[in-house]
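# A look at the structure
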Protein chains: 4
Amino acid sequence: MMLKRDVDLKAAVEAAWAAAAAHRGEGKVASYIPALARVDPMKFGIAVVTRSGEAIVAGDADEAFSIQSISKVFMLALALNRIQAMLWERVGREPSGSAFNSIVQLEVEKGKPRNPLINAGALAVTDAVIGDGSPDEAVAALLDYLRSAGDDGAVLTDDEVATSESEAGARNRSLAYFLSAFGNLRNPVEDVLSAYFRQCATAMSCRQLARAGLHLAFDGRDPVTERAPITPSRSRRINSLMLTCGHYDNSGDFAFRVGLPGKSGVGGGILAIVPGEASVCVWSPGLNAAGTSLAGAIALEALVERTGWTVFA
Amino acid sequence: MMLKRDVDLKAAVEAAWAAAAAHRGEGKVASYIPALARVDPMKFGIAVVTRSGEAIVAGDADEAFSIQSISKVFMLALALNRIQAMLWERVGREPSGSAFNSIVQLEVEKGKPRNPLINAGALAVTDAVIGDGSPDEAVAALLDYLRSAGDDGAVLTDDEVATSESEAGARNRSLAYFLSAFGNLRNPVEDVLSAYFRQCATAMSCRQLARAGLHLAFDGRDPVTERAPITPSRSRRINSLMLTCGHYDNSGDFAFRVGLPGKSGVGGGILAIVPGEASVCVWSPGLNAAGTSLAGAIALEALVERTGWTVFA
Amino acid sequence: MMLKRDVDLKAAVEAAWAAAAAHRGEGKVASYIPALARVDPMKFGIAVVTRSGEAIVAGDADEAFSIQSISKVFMLALALNRIQAMLWERVGREPSGSAFNSIVQLEVEKGKPRNPLINAGALAVTDAVIGDGSPDEAVAALLDYLRSAGDDGAVLTDDEVATSESEAGARNRSLAYFLSAFGNLRNPVEDVLSAYFRQCATAMSCRQLARAGLHLAFDGRDPVTERAPITPSRSRRINSLMLTCGHYDNSGDFAFRVGLPGKSGVGGGILAIVPGEASVCVWSPGLNAAGTSLAGAIALEALVERTGWTVFA
Amino acid sequence: MMLKRDVDLKAAVEAAWAAAAAHRGEGKVASYIPALARVDPMKFGIAVVTRSGEAIVAGDADEAFSIQSISKVFMLALALNRIQAMLWERVGREPSGSAFNSIVQLEVEKGKPRNPLINAGALAVTDAVIGDGSPDEAVAALLDYLRSAGDDGAVLTDDEVATSESEAGARNRSLAYFLSAFGNLRNPVEDVLSAYFRQCATAMSCRQLARAGLHLAFDGRDPVTERAPITPSRSRRINSLMLTCGHYDNSGDFAFRVGLPGKSGVGGGILAIVPGEASVCVWSPGLNAAGTSLAGAIALEALVERTGWTVFA
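Procedures and definitions
Residues numbered from 1 in each chain as written. Chains lettered and ligands numbered in written order. Predicted model: local features only at pLDDT ≥ 70, side-chain atom pairs only at ≥ 80, totals over all residues. Heavy atoms only, no water. Pairing = 2+ DSSP bridges. Helix = DSSP H or I, 4+ residues; strand = E, 2+ residues; numbered from the N terminus. Axes fitted to C-alpha atoms, helices over the stretch in contact; angles between N-to-C directions. Contact = heavy atoms within 4.5 Å. Least-squares fit on C-alpha atoms with pLDDT ≥ 70 in both. Phe/Tyr/Trp six-rings, centres within 6.5 Å; stacked < 30°, edge-to-face > 60°. Buried < 20%, exposed > 50% of the residue type's maximum accessible area, 1.4 Å probe, protein only. Lys NZ or Arg CZ within 6 Å of the ring centre and 35° of its normal. Domains from an automatic or database assignment. Buried area = accessible area lost by both parts, 1.4 Å probe. Salt bridge = Lys/Arg side-chain N within 4 Å of Asp/Glu carboxyl O. Polar contact = N/O pair within 3.5 Å; in protein donor to acceptor, adjacent residues only side chain to side chain. Nonpolar A, V, L, I, M, F, W, Y, C, P; charged D, E, K, R; others polar. pLDDT = per-residue confidence, 0-100. Parallel < 35°, antiparallel > 145°, perpendicular 65-115°, else oblique. Left-handed = near helix turned anticlockwise from the far one by under 90°. Expected span 1.5 Å × (residues − 1).

### Quick word on the sheet that holds strand β8 (residues 278–283) of chain B
Residues and elements named next belong to chain B.
- Within the open sheet, the five strands sit side by side as β2-β1-β8-β7-β6. Their pairing is antiparallel. Across the chains shown, the open sheet's two edge strands, defined by having one partner strand only, are β2 (55–59) and β6 (262–264). Direction aside, neighbouring strands of the sheet carry axes that sit 10° apart on average.
- Contacts from helix α1 (residues 9–21) reach β1 (45–50) and β2, with the element oriented near 25° to β2.

This is the structure in structure tokens:
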């Protein structure tokens, strides 16, 4: 990581904001549930949190949005803490090359999802987090993780979103029953879905989410609180999975353009990790075809252009 | 990149050698051509070349082997230098999730290969390098690149291997005609194949190959010779493609385990890039199911375990 | 249809029985629910019903078995009577080339099943039969159809089987939610499944089922009762779908070997139609890889060898 | 087969002509080679040849056109005569559910084509016909078969078409090399292609082709000449393959609408067999998406509507 040490981070964040501004409103806002559909497409927020815990922000960085699939990253951390490498008997770690909700490979590969960051894999991960407990406990564990890692108790589930997700959840239900048919869910399908829809409905701001991801930039240990929710080895591997699989069939393109581990959510958020340096969260609701925030990705490109941040140099 | 600064690189290379030693002979030696089939499966070499150009080696690090698909990395560099971003109109940059020689996606995606590191994509890349010239010129350009980047004139094509590749090349011929049917080759199919089979038949040792890849660890500029065959931006992007796509349907697993951009070849070589630090080449002929050197990957795991090298922390 | 007019049908049925006898017990009895798993694998029945309504039988022709997917034929008749050609906006009529419960094409083809005789298509058909009514009414309509067409009131749903099907129904549930996600079910998913599991759990003997299918051999009109539950055009088209799609990825092979429209069920039954001549039902629980009764298909081959029955000469 | 015995076949052919007339020019004329592209899209011919050998014709029934894939039917007959059931070790007999030139299944199923009527399967069939002989002998054998079966010596290869096919043959070349890579061609790839392109370039009129197919309607024995180029069993099985696989991913629809074994060619011809009654050939160059003559299929629908011809009643 060759940081241009003289970089003015505040200027870089403003440059990112400026680069993205013209692209706000482009792309397609997720519309399968009312709560997502009615979000203002012109919203844009960015927060960069560095080693000191300081946040450099711009735009709507303090407005909570639905983190959606970004929750998969933290559930993965919880599952690895809970069942360790046994997780990999149930979920692969290869890019799928397919859409987030594709079921094709799941049939060909007999119910073992390609990786924990596509929907099918995330359902198996959530099932592992539930373990012998309840869906409520799994959701509580996620909220605890996010609050502790982000050093901020104000992280909540948006119950309206969760309810809507469930009502519109036929495709995820199909995936979950498919997993169940192959014995790859230990808990009742509706229990797993209940936790899954709620984890996706977690509401956080860019500032909160960047802060909560900071430990992933420092080998699993938060440089401010010194809390280490995960081991160095797991932190690195979560980053590797974000880089290779974090954007479904857009993962390669994201790595090519941005050069950092990242995870997108259909709420328009992207969490990106700069190992050894910082954690970044951008938010803008308009999505590209693969469900990644269009203006968000442009902002990240501008940010790494200014800062020299990349894992590839 | 958090290098454990007090690491004894020589000890780390020896540890890598020791870790791999027990696994020599495991896996399957490529057998589709005699010249590869008769290589001693117990061979193992490793070379680490650092910023100073110094090589730390162990085992058969000075024995030339067939670099095979590792050549795709350097042909990609040549193609980007030649036609720049126009390459991406003809080749994607997403992991395929499929085997190196799969044709399935090529049909679904109408003749546009997923990325330049699978065979189909590499054929299109080679066609771009040929451009308006000849296959001979393309092969010569590759050799020039490798000799210059590696600061070593002794890089040659193994003509026996090249001839055998062509004779056993029905699957690659099928891919090339498929590309051609979609207008994605500008040159005659047999011309492209002629260059492709020869690029794969390049013979280099671990020491040579690690040295030739060193510029990829330093943003495209060799830290010793100061020669810069590619721009920083292209260097980073080649690394990103190696990380997400360098091992076909084993790319995610390699990133997970080794945490470095890498490219495997069925000759048993793996080139791995440690941005800002070093370039590494391992060689051992026994392959896993995805065509990556089995003992080679184990050696790399041991090496990064000792050195702390990873792009993810 | 070139019937060898001097054929002794009784001798032909006995020959079929003899040919199949040695193969009883071969193949794999469906085991996903207890009620199917515990059926004696040595069971074998055959019934041929001709224009006069006379049944020539052998073996366990009067023992009721679970008709399973053979029910799809009759539900298709009901759906065509109910919504006519509108059905083809929701279901295709091409062989799938895939397993009975495959979901791959359903994703590629955006929720439109390939044909009404694979599980996904049959679920859409059942939904069409329910229409604005209830699942109970749809099941009652099927039983009415079978009783009337078969001139036999003693056709029942095996409730134990139906309940077990539902409990073991994760794969079908997955298919149904997938259809629902694409708007291809009008009724609640569990309603459709409720009817579907019960239609599959219909219990009939070879004699009953052959008799109930007789109208399909006579352009939709029963030659004995003169009842015509379907039009000539629909009868022909149901036969065409049985021929091209009646055995999933074994349909071509069945047409090749037996040469008659047919439909298999995982209970071990096969209904085959001899246009202008007869209706045949065989039953033996051991299945081939595609879920077609192994001894049953052998019996049909022997029968058509003796009788010269085929639609292809 | 319930022929309406009082049908006026001449009137039926005229009705078919009238039904098709309005649809001439619809669809897309094959344009990948000049000789096909310049055929007048308004051409339409129909010929029905009955047991007596009499031909009832309308339109351009005596104009020769390129039979293209209809040749696969007769090459299949030759291959079965030559290597019998061994053919089925190299080619399956299931509908593919895919386009004529798809390569996807060929990869998944390791070089064994789904059936002999898709391009991949036909290439393997042609290789079997070549056997230990030459491509020239295979083409000569086909011409002999067609001349003898059609009782007409004037059947020729259109060399201009054959040459153009080869020049535009990248997709078929890709399929052939793929087969070769799996050891499923015994002869050199270019030899097999040479014969294949010439068989497709056979030029025949509707009258000639219907006459040449007549034996398929009479269990392999021509009712006029009493010549029997194939056994009854093979005749039936060729008909079954035409019915389940004769129109690629449009086979089910053709069986549904027309109800007869048939084989289409991209030259616009369709050969349809009415077992026990007649052989029919229609020709009109405009194709549907699956490569079946659009007006031709409409004419066949009208013909079977009038005559009651179908194998399904």
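There's plenty left to go through after this.
### A few points about the relation of the copies chain D and chain C
- Rotating chain D by 180° and moving it 0.0 Å along the rotation axis overlays it on chain C with an RMSD of 0.0 Å. Look at the turn and shift together and you get a two-fold axis relating the two.
- Residue by residue, 97% of the interface of chain D is reproduced at the interface of chain C, so both copies engage with the same surface.

### A look at the side chain of Q199 of chain B
- Within the fold, Q199 of chain B resides in helix α10 (residues 189–200).
- Excluding its chain neighbours within four sequence positions, the residues that come into contact with Q199 of chain B are I67, Q68, S71, K72, M75, T126 and L142 of chain B.

### Thoughts on the packing of aromatic side chains
Residues and elements named next belong to chain A.
- The tally for this structure, following the rule as stated, stands at 30 aromatic pairs over all chains.
- When the ring of F65 is compared with that of W283, the centres are 5.0 Å apart and the planes differ by 10°; the resulting orientation is stacked. With F65 in strand β3 (residues 65–66) and W283 in strand β8 (residues 278–283), the pair connects residues that are 218 residues apart, well separated along the chain. As far as the burial class goes, F65 and W283 line up, both buried.
- When the ring centre of W88 is taken as reference, the NZ or CZ atom of R93 above it lies at 5.4 Å.

### Here we look at the domain arrangement of chain A
Residue and element names in this part refer to chain A.
- Structurally, chain A comprises domain 1 (9–65 + 205–307) and domain 2 (69–200).
- Computed from C-alpha atoms alone, the centre-to-centre distance between domain 1 and domain 2 is 20 Å.
- Of the residues lining the interface, 32 residues belong to domain 1; the matching set on domain 2 comes to 37 residues.
- Roughly 2800 Å² is buried in total at the junction of domain 1 and domain 2, and carbon and sulfur atoms are behind 67% of that figure.
- The tally of links from domain 1 across to domain 2 stands at two salt bridges.
- Note that E160 is salt-bridged to R38, the shortest N-O span being 2.8 Å.
- Our enumeration of links across domain 1 and domain 2 arrives at 12 residue pairs in polar contact (both at pLDDT 80 or more).
- Mapped onto the side of domain 1 that touches domain 2, the elements with two or more residues apiece are α2 (34–37), α11 (206–212), α12 (214–217), α13 (232–245), β6 (262–264) and β7 (269–274).
- Residues of the side of domain 1 that touches domain 2, tallied by class, amount to 16 nonpolar, nine polar and seven charged.

### Some details on the relation of the copies chain B and chain D
- For the pair chain B and chain D, the best superposition has an RMSD of 0.0 Å and corresponds to a rotation of 180° with a translation of 0.0 Å parallel to the axis.
- Counting the interface residues of chain B, we find that 100% of their copies in chain D are interface residues as well, pointing to one common contact surface.

### Topic: the confidence of the model for chain A
- Of the residues in chain A, 98% have a pLDDT of 70 or more, and the chain-wide mean is 96.
- Reported confidences for the modelled complex are a pTM of 0.96 and an ipTM of 0.96.

### A closer look at the packing of helix α3 (residues 71–83) of chain C against helix α6 (residues 119–130) of chain C
All names here are of chain C.
- The contact between α3 and α6 brings their axes to 8 Å, and the two run at 45°. Taken together, the axes of α3 and α6 lie oblique to each other. By crossing handedness, the relation of α3 to α6 is classed as left-handed. Mapping the contact onto sequence places K72, M75, L76, L78, A79, R82 and I83 in α3 and N119, A122, V125, T126, A128, V129 and I130 in α6.
- Of the residues contributing to the contact of α3 with α6, the split by class is 10 nonpolar, two polar and two charged.

### Considering the pattern of salt bridges
Residues and elements named next belong to chain B.
- Summed over all chains, the structure comprises 64 salt bridges over all chains.
- The shortest N-O distance in the salt bridge between R211 and D222 comes to 2.6 Å. Taken as a pair, R211 in helix α11 (residues 206–212) and D222 in the loop between α12 (214–217) and α13 (232–245) lie far apart in primary sequence, 11 residues in all. This pair shows no difference in class: R211 is buried, exactly as D222 is.

### Examining the sheet that holds strand β2 (residues 55–59) of chain A
Residue and element names in this part refer to chain A.
- Read across the open sheet, the five strands follow the order β2-β1-β8-β7-β6; overall the sheet is antiparallel. If you trace the sheet from one side to the other, it starts and ends with β2 and β6, each paired once. Strand-to-strand twist across the sheet, computed as the mean angle between neighbouring axes with direction ignored, equals 10°.
- Across six bridges, the pairing between β7 and β8 is antiparallel. Bridge assignment links V274 to a residue of β8, and that residue is A278.
- Against the sheet, helix α1 (residues 9–21) makes contact with β1 (45–50) and β2, and its axis sits at roughly 25° relative to β2, the strand it touches most.

### A look at the interface of chain D and chain C
- Taken residue by residue, the interface counts 34 residues in chain D and 33 residues in chain C.
- Of the roughly 3000 Å² buried at the junction of chain D and chain C (both faces included), carbon and sulfur atoms supply 58%.
- Counting across the chain D and chain C interface gives two salt bridges.
- For R93 of chain D, the salt bridge identified is with D253 of chain C, shortest N-O distance 2.7 Å.

### Section: the packing of α3 of chain C against helix α10 (residues 189–200) of chain C
All names here are of chain C.
- Viewed as axis vectors pointing N to C, α3 and α10 meet at an angle of 125°, and their least axial separation amounts to 9 Å. Viewed along their axes, α3 and α10 adopt a mutual orientation that is oblique. You can see that α3 and α10 cross each other, and the crossing is right-handed. Residue-level inspection shows S71, K72 and M75 of α3 in contact with α10, the latter providing Y196, Q199 and C200.
- Its residues assigned to classes, the contact of α3 with α10 comprises three nonpolar, two polar and one charged.

### Some words on the interface of chain B and chain D
- In this assembly, 14 residues from chain B lie in contact with 14 residues from chain D.
- Summing both partners gives a buried area of about 1300 Å² for chain B against chain D, and 68% of it is carried by carbon and sulfur.
- When residues of chain B are sorted by the area they lose upon contact with chain D, E107, R171 and Y177 of chain B head the list and together hold 39% of the total.
- Linking chain B to chain D there are two salt bridges.
- Across the salt bridge formed by R171 of chain D and E107 of chain B, the nearest N and O atoms sit 3.7 Å from each other.
- For the side of chain B that touches chain D, the elements supplying multiple residues, two or more each, are α5 (104–108) and α9 (170–181) of chain B.
- Looking at the side of chain B that touches chain D, the element that brings in the most residues is α9 of chain B, giving eight residues.
- Each residue belonging to the side of chain B that touches chain D can be placed in one class, and the counts come to seven nonpolar, four polar and three charged.

### Structural notes on helix α14 (residues 294–307) of chain C
Residue and element names in this part refer to chain C.
- Helix length check: α14 (14 residues) gives 20 Å between terminal C-alpha atoms against 20 Å at 1.5 Å per residue, within 8%.
- Burial runs high along α14: 10 of the 14 residues are buried.
- Buried positions along α14 lie against α1 (9–21), β1 (45–50), α13 (251–257), β7 (269–274) and β8 (278–283).
- Capping of α14 at its N-terminal end is provided by S293; its side-chain oxygen lies 3.0 Å from the backbone amide nitrogen of G296.

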